[in-house]
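Here are the chains, one letter per residue:
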Number of protein chains: 4
Amino acid sequence: MTDRIRIGVLGASGYTGSDLVRLALRHPAMEIVTLTGATQAGRSMADVFPHLAFAPLPDLVTVDEVDWMAVDAVFCGLPHGTTQEIIAAIFAANPKAKVIDMSADFRLRNPETYREWYGHEHRALALQDEAVYGLTEHYRDAIARARLVACPGCYPTAALLALIPAVASGAAAPDDIVIDAKSGTTGAGRSAKQNLLLAEAGEGLSPYSIAAHRHAPEMEQELSVAAGRALTVSFTPHLIPMSRGELCTAYVKLSGGASAADLRAALASAYRDEPFVKVVAEDVIPKTQNVRGSNYVQIGVFADRIPGRAIIVSVIDNLVKGSAGQAIQNFNLMFGRVETEGLLQLPMFP
Amino acid sequence: MTDRIRIGVLGASGYTGSDLVRLALRHPAMEIVTLTGATQAGRSMADVFPHLAFAPLPDLVTVDEVDWMAVDAVFCGLPHGTTQEIIAAIFAANPKAKVIDMSADFRLRNPETYREWYGHEHRALALQDEAVYGLTEHYRDAIARARLVACPGCYPTAALLALIPAVASGAAAPDDIVIDAKSGTTGAGRSAKQNLLLAEAGEGLSPYSIAAHRHAPEMEQELSVAAGRALTVSFTPHLIPMSRGELCTAYVKLSGGASAADLRAALASAYRDEPFVKVVAEDVIPKTQNVRGSNYVQIGVFADRIPGRAIIVSVIDNLVKGSAGQAIQNFNLMFGRVETEGLLQLPMFP
Amino acid sequence: MTDRIRIGVLGASGYTGSDLVRLALRHPAMEIVTLTGATQAGRSMADVFPHLAFAPLPDLVTVDEVDWMAVDAVFCGLPHGTTQEIIAAIFAANPKAKVIDMSADFRLRNPETYREWYGHEHRALALQDEAVYGLTEHYRDAIARARLVACPGCYPTAALLALIPAVASGAAAPDDIVIDAKSGTTGAGRSAKQNLLLAEAGEGLSPYSIAAHRHAPEMEQELSVAAGRALTVSFTPHLIPMSRGELCTAYVKLSGGASAADLRAALASAYRDEPFVKVVAEDVIPKTQNVRGSNYVQIGVFADRIPGRAIIVSVIDNLVKGSAGQAIQNFNLMFGRVETEGLLQLPMFP
Amino acid sequence: MTDRIRIGVLGASGYTGSDLVRLALRHPAMEIVTLTGATQAGRSMADVFPHLAFAPLPDLVTVDEVDWMAVDAVFCGLPHGTTQEIIAAIFAANPKAKVIDMSADFRLRNPETYREWYGHEHRALALQDEAVYGLTEHYRDAIARARLVACPGCYPTAALLALIPAVASGAAAPDDIVIDAKSGTTGAGRSAKQNLLLAEAGEGLSPYSIAAHRHAPEMEQELSVAAGRALTVSFTPHLIPMSRGELCTAYVKLSGGASAADLRAALASAYRDEPFVKVVAEDVIPKTQNVRGSNYVQIGVFADRIPGRAIIVSVIDNLVKGSAGQAIQNFNLMFGRVETEGLLQLPMFP
C-alpha cells in the first residue's frame, strides 16, 4: 500500500464524488486518504452513502482540515464557483500535487465567457491559463503533462465526442448544429429539490434551461477549435425519469459533399484505437442502457430524411464517462498509468 | 339511456381502445354496446383490463360478430392495415354509421405515400377520399360534417399543433424543421415485446426509427398544406422510461423578420379560444406531467441561442389527446355535442 | 353557481390538497372559494401546480386571511399538529361550517395515545370528542350527522377496510396480525427530502418506521373496536419506487374454524352494497394499478400455506381513497349529496 | 491465458446468464469458451446484449454444439426442468467438469417434494443425491468439495441468510414465520410477458404466487434443517416497479426468552467473518439501493410492536448474490480460489 498514489476527494458527499470513491476503492493504484463534504463533515461515508459501507473509508472532513502535503492527487467534485480559490491553495501548499477538477471552474478558457455565464470574475486566472480541458480522447498528450485538468461537463462530453470529429473532418457543417440532450436526474446533484422528487420527475419529462444552459459555451469553445472559427450551437437539455445516463441527439448539415456514411467513417476513424469510444454500425442504435455504470461511449450516425443532413446519437453514463470515470482516465494519464486502469467494469444491464 | 348514442370500440384490448372505454364509460351521451378484441374475444373486459372491472361492460367479441346496425358510432383502435376493409364493411352494412378511426389507415391523402410507407396498396380509396384528418383544432368544420374521421397519430398531434400555426403564420420557415420527440412506452402498444419490458425500457432511453418513422409523412402532409408547398421534416422519436406522455421539441428557423416573441404570439392567437390547447408564457416550461391523463395540450415558444432560430415545445398525453381523447372530441363534433363533453378531467399529478 | 357549496382547502400546496382541488373542480356541487398554502401564499395555483392551470382557481392565501363565514365546508390538508387550533378557530367564527380533516389531528380518540405518538398534548379536546372517524364504509351514519370528520390515514384506510370485517366477523383472530404495507412516495408529501429524490427512491425499496409508524395506533384503535377488546398490530410500511398507490398484505390467523373462503365471504358480505369497495374472486390478485387515480378499493383473500392462516391483500390510491377522495365521499354524506358524486372517475391504466 | 479455467455458460441469453458473463469477463481466473442460448443460437452476444459489446465473446450456440471436454466449469442458467438431463450428459462426457447450476433442478433434496412442485419426476436422482445446496455461507465446506452445486433461488438466498441463524440459534421460533418478499422484475426473466411491460409493471405493485411460490419448499427444506424438525413458512412475493433488487421482510416470534437485540447478536455472530454478509446496527435500515449490482447482503433486526416478536429485513441484488454472484462465489470455492475473487465490485448508487 505504501507505494500507492494518495488521493483526496473534495465533495465526496455528492453523486460525482461518491461515484469517484466507488471506482477509486477498486483502483489498484489509488489510496483514498481524505474525503471532504461541506455540510456532512464529521460523518462517516457509510452514514452518508450506505452503499459504500462495505469498504473502509476515512470520515468526511471540511476542506480546511485537509493536509495537502499528504495527498498526491486531488479530485474536486465541488459546486462551481467554489473551486478556484481552493485549488490555488492546494498548489500553494503542495506544488507537486495534481488536481483533477470535475467542476466547471476551469473549463472555459475565455475569462469573459466565464464571467458572462457564471456571474463573477474568475478568481484564479493564472491557473485557468494552465488548466487543460480534460476531454481525454482529444487532449490526451496535454493531459499527460498537466498539473491541473478541467474535466468537461457531462453534456459536453457526450456532445463533443460526437461532434468534434464531425466538424473537424469537414463532413458536418459548423452552422446550425442542434443538440437535443437528455439526462437522468443525477446530473442535477444530490441536493433535495422539489422538481427532482420521484413524485415530480418520475413518469414525465421536460426540457430545462432551454437554449440557456451553462454547458453551451463549453461546447462552443471546443467546436470552434474543431471548426477553426467561432460558432454557436443550439443546445437544449431534457430531464428524463431515470437516475443515470445521458443521450445526445445532434442534428447537423453535411458539408463538402459528405454523406452520412462518410460522416460515420470519419468518426470511426477518429476513434479507431480508443478503448472506451465505440462508433456503432449503421443498424445499431445507441441506448443509455448499453453503457450504464461504465466508462464506455457509443456513437451512431444516421442519414436524415432531409437530404444533406445527418443525425449523430451518443450515449454515456453521466456520472462515469460524464464525470468520475473520465476524471480517473485523466488521472491515469497524469500519473503514467495504463489509461484504462480501474475503468474496465462492463455496463450493468438491466 | 335509450337516447344515448350507441358506440362500438374495435380493438378494445389495446391501450388506445381501453383508454377510450375508460372515457366513454363516463361520457354522458355514450352507451357502449360492443367491444372487439381479436385474440381476446370471449373474455370479459374486467379480465383483460382489471381497472375497468368497476363498471359494467359487454364482453369482447370478434369484429365478425358485430351487428353494425346496432351501433351509431364506431371507434377503431386496430393495428394499421387492418382497418380499411372493416370500415368499408361497416358503411356497407350501415351507411348512417359514423366512424372515428384511431389507426393510420386513412391519414395519408396520397395513396402513393401510403403505399410507400405501409408496404401495400390502399384498400379503400374512395373512403380515403372521403376521410377527414381529425386534428380537431385545424379541421373542426370538416370533422363536424364527416362520416369518417382519421385521427392523427400521437406524434403528429403534438408536432402539428405546435408547427401548423408557426408555418402558416410565416413566422417559422418551412425548411430544415427538426422535430425531436419523446414518448412513453404506451405509444408502442400492449403487445409483449422484449424492448418494452420494464427491465429493458426502464432506467434508460434511446431513439428509434431514426428519420424513418411512419408519422413523418403525416407531419409533412399537413405542414405542406400550412406552408403552401411541399416540405420534408427531420423527425426522430425517442423511447422514454415512463408509461404515458409525449413531448415534441421542434427546432425552427424564424422567417420574415419574426422574433421568438412574434412566433409565440402567432401560436397564442391561433389557439386563443381553444378549450384544450394552451400557449404558455415565456417563463413557463411545458412538462408532460402537466397534462397526464387529460386532453389538454401545452405549447411553449423559446428563443434559441443561435440568432434567427426558435424552439417550440409541446406536450400531450399520448393516449388521450394523442388518441382516445381527440377521438372523443371529434365524436362530439360529429354528433353535434358540446366539443368538451366527457373530456374535462384535469390532469393527474403526481 | 350561487347554490353551490362553498369550500375552502387548507394546505392546497401539498399533494393531498392539490388532489382534492383536482377532484373538487369537477364536482358538480362544489365551488372552491379559498385555498391556503403556508409558504406558497401569494402565488397562483397554476404556478405551484401547473397541471391545475387549465381551470380558474383563487390564489393561495395564508390561513389567517380566510373569512370563515364565506365557506360552508373546509378541507384540511395541513401537517399534523397544526390543525387543532385552526379548526377550533373555524368553528368559533362559523359554527355552521363543516370540517373534513385529512390530517392526523383528530383521529385518535384517546388523548394519551395522541400525546404518546405526537409528542404534545391535544389542543382541542372537546372537538376531539365530537370528531367522527371518517372511514366511510364503517362510520357512514355518524359521518352524515357530523360537523367534524377526521379522515383516516392512508395506511389505516387500506388496512382497516381489509381487517375490520375480518376481525368483527370472528373469522380472523385479533392476535398477531401482521400488516406489511407498501406505498408510493407521494405518501411522504411534497417537501423536498433527499431520500425521496428520484435518484434515491427510484430503482430500490426499503421499509421505514419499522414497527413504529404513527398509523399503527390508529389501526389498533379501530381493530380493538371490531374485536371488542384491546389489541396490538405488527405494522411495517415500505417505500416503493412509484408515485401513487398503496398495498397492504395482512397476515392473519383464522379463528372459530373459519377457512379462507369463509373469511372472503365475510368480507364480501360486509361490502356487498358498497360502491367503492370490491372483494375480488379467489383467482384475482389485487394490484395498485387497478385503482390508480380512483376512489375504488380492491380486497382479495387467500389461503396461506400454513394451515389455519390466511392472507388479505388490499389496494387503494393513497391520495384518493387514502385521502382526498375519501374526504369528498364524507363531504357528500355530510351535505346530503349522493355519496359517489364527483368520485366515479375510473382508474387510469397504464 | 492458457492456465485460466475454461468456463461455459448455458442460458447466456437470459438475465442470469448475461450477468454471469458480465462478471466472468472481469474475473482474473476465468476464460469464457462457450455460451449457449436456445432461441438465440447463432447470434453474437453483442447483438443479444449490446451492453456486452465492449468485450470479445464467443457467439451463442446450442447446448448440443458444446464440446464438454473443452470446459472445466459449466454455469447453468437454464429454465427449470431442462437442466437435469443436460448436466447428466455433461458429467458423462467429462467426469472432471464441475457444474454450478443456477436453476431449480437440484435444489430440493426430497424427490417427492420436487415432483409435487415441478410436476414431473426428477430425471437425475443420483446427481440430486450428489448435489450440494449452494448457499455459500452455510455450506462452504461441502461446496468446496462438490462437483455439482445447486445455487439457491433468489428469494431463498435473501430469506435463508436472515432466518437460518435466527432459527438455528433458538432466538426465533420455527413456527408461523411470515416472509413478505419484494423483487424487481428481472427475477421473472427476459421473456416478453405482458405483465412485465414497463407500462404494466411500472408505477404499481402486486403480490403474486401468494402462498404458492416454488421457492417456499426450498426455504422450508433449509429452515427445517436449522430447526431440527419440519416446518412450514408463509411466503408471499411481490413484484416491484424496478429492475433489480430484492428485499425480504420476515416476521418471527422470539423464543427462549430472547429479545430482538439477542436475535441481532445471534446473526451478527453467525456472519462476523463473512466478506459479503453484513448485519447492520439497530439504527440502520437495509435498502436494496445499498447492494445494487454487488454480491453484498445487508440484514437488519428490529423489535416488533407486539411483545415477543421481531422483524428481520434482508436485501440482495437478485441477479448477483441472488444468482450469478453467488454462483461465482461457489465456483471460487470449488476451484480453490480466493472466495471473493471477481466479486468485490461495490454497489452502484444511484
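It should be emphasised that the depicted structure is a prediction, and the values quoted were computed from it without experimental measurement.

J.: Looking at this structure, how should I read the interface of chain D and chain C?
T.: Accessible area lost on assembly of the parts is the figure often given for the size of an interface. Taken residue by residue, the interface counts 52 residues in chain D and 52 residues in chain C. Each partner contributes to the roughly 4200 Å² buried at the junction of chain D and chain C, and carbon and sulfur atoms together form 59% of this total. Three residues, Glu203, Leu205 and Arg305 of chain D, lead the burial of chain D against chain C; their summed loss comes to 18% of the area buried on that side. The interface formed by chain D and chain C contains six salt bridges. In this structure, the salt-bridge partner of Arg309 of chain D is Asp176 of chain C, at a minimum N-O distance of 3.5 Å. Applying the counting rule to chain D against chain C returns 22 residue pairs in polar contact (both at pLDDT 80 or more). Contributions of two or more residues to the side of chain D that touches chain C are made by strand E8 (178-183), helix H8 (198-201), strand E9 (206-207), helix H9 (215-227), strand E10 (234-239), strand E11 (246-253), strand E13 (297-303) and strand E14 (309-316) of chain D.

J.: Hey, could you run me through the sheet that holds strand E4 (residues 73-76) of chain D in this one?
T.: For sheets, the rule is that strands pair by backbone hydrogen bonds, running either parallel or antiparallel. Residue and element names in this part refer to chain D. Spatially, the seven strands line up as an open sheet ordered E3-E2-E1-E4-E5-E7-E6, and their pairing is parallel. Looking at which strands have only one partner, the edges of the open sheet turn out to be strand E3 (60-61) and strand E6 (132-133). Note that strand E1 (residues 5-10) and E4 share four bridges and pair parallel. In the strand pairing of E4, Gly8 is matched with Val74. Strand contacts of helix H1 (residues 15-24): E1, strand E2 (30-36) and E4, with the helix running at about 160 degrees to E1, the strand carrying the most contacts.

J.: Explanation requested: the domain arrangement of chain A in the structure shown.
T.: Residues and elements named next belong to chain A. The domain architecture assigned to chain A consists of domain 1 (5-130) and domain 2 (155-318). Taken over C-alpha atoms, the centre of domain 1 sits 27 Å from the centre of domain 2. Across the interface of domain 1 and domain 2, roughly 1300 Å² is buried in total on both sides, 48% from carbon and sulfur atoms. On the surface where domain 1 and domain 2 come into contact, there are three salt bridges. Among the elements of the structure, helix H1 (15-25) and helix H4 (111-118) are those that each provide at least two residues to the side of domain 1 that touches domain 2. Taken together, the residues that form the side of domain 1 that touches domain 2 break down as six nonpolar, four polar and four charged.

J.: It is not clear to me how the packing of helix H7 (residues 154-168) of chain C against helix H10 (residues 260-270) of chain C should be interpreted in this structure. Could you clarify?
T.: How two helices sit against one another is set out by the angle between their axes and by the gap between those axes. Residues and elements named next belong to chain C. In contact at an axis separation of 9 Å, H7 and H10 are set at 110 degrees when each is read in the N-to-C sense. Here H7 lies roughly perpendicular to H10, going by the angle between them. Taken together, the residues of H10 that come into contact with H7 (itself represented by Leu161, Ala162, Pro165 and Ala166) are Leu263, Leu267 and Ala270. Grouping the amino acids of the contact of H7 with H10 by side-chain chemistry returns seven nonpolar, no polar and no charged.

J.: Looking at this structure, how should I read the relation of the copies chain A and chain B?
T.: Copy one and copy two of the chain differ by a rotation about a common axis and a shift along it. For the pair chain A and chain B, the relating rotation is 180 degrees, the translation along its axis is 0.0 Å, and the fit reaches an RMSD of 0.0 Å. Taken together, the rotation and translation relating the two chain copies correspond to the operation of a two-fold axis. For chain A, the minimum C-alpha distance to the rotation axis belongs to Pro241 of chain A and amounts to 3.1 Å. Here 98% of the contact residues of chain A are again contact residues in chain B; the copies associate through an equivalent surface.

Scoring rules and cut-offs
- Residues numbered from 1 in each chain as written.
- Chains lettered and ligands numbered in written order.
- Predicted model: local features only at pLDDT ≥ 70, side-chain atom pairs only at ≥ 80, totals over all residues.
- Heavy atoms only, no water.
- Contact = heavy atoms within 4.5 Å.
- Buried area = accessible area lost by both parts, 1.4 Å probe.
- Salt bridge = Lys/Arg side-chain N within 4 Å of Asp/Glu carboxyl O.
- Polar contact = N/O pair within 3.5 Å; in protein donor to acceptor, adjacent residues only side chain to side chain.
- Helix = DSSP H or I, 4+ residues; strand = E, 2+ residues; numbered from the N terminus.
- Pairing = 2+ DSSP bridges.
- Axes fitted to C-alpha atoms, helices over the stretch in contact; angles between N-to-C directions.
- Domains from an automatic or database assignment.
- Nonpolar A, V, L, I, M, F, W, Y, C, P; charged D, E, K, R; others polar.
- Parallel < 35°, antiparallel > 145°, perpendicular 65-115°, else oblique.
- Least-squares fit on C-alpha atoms with pLDDT ≥ 70 in both.

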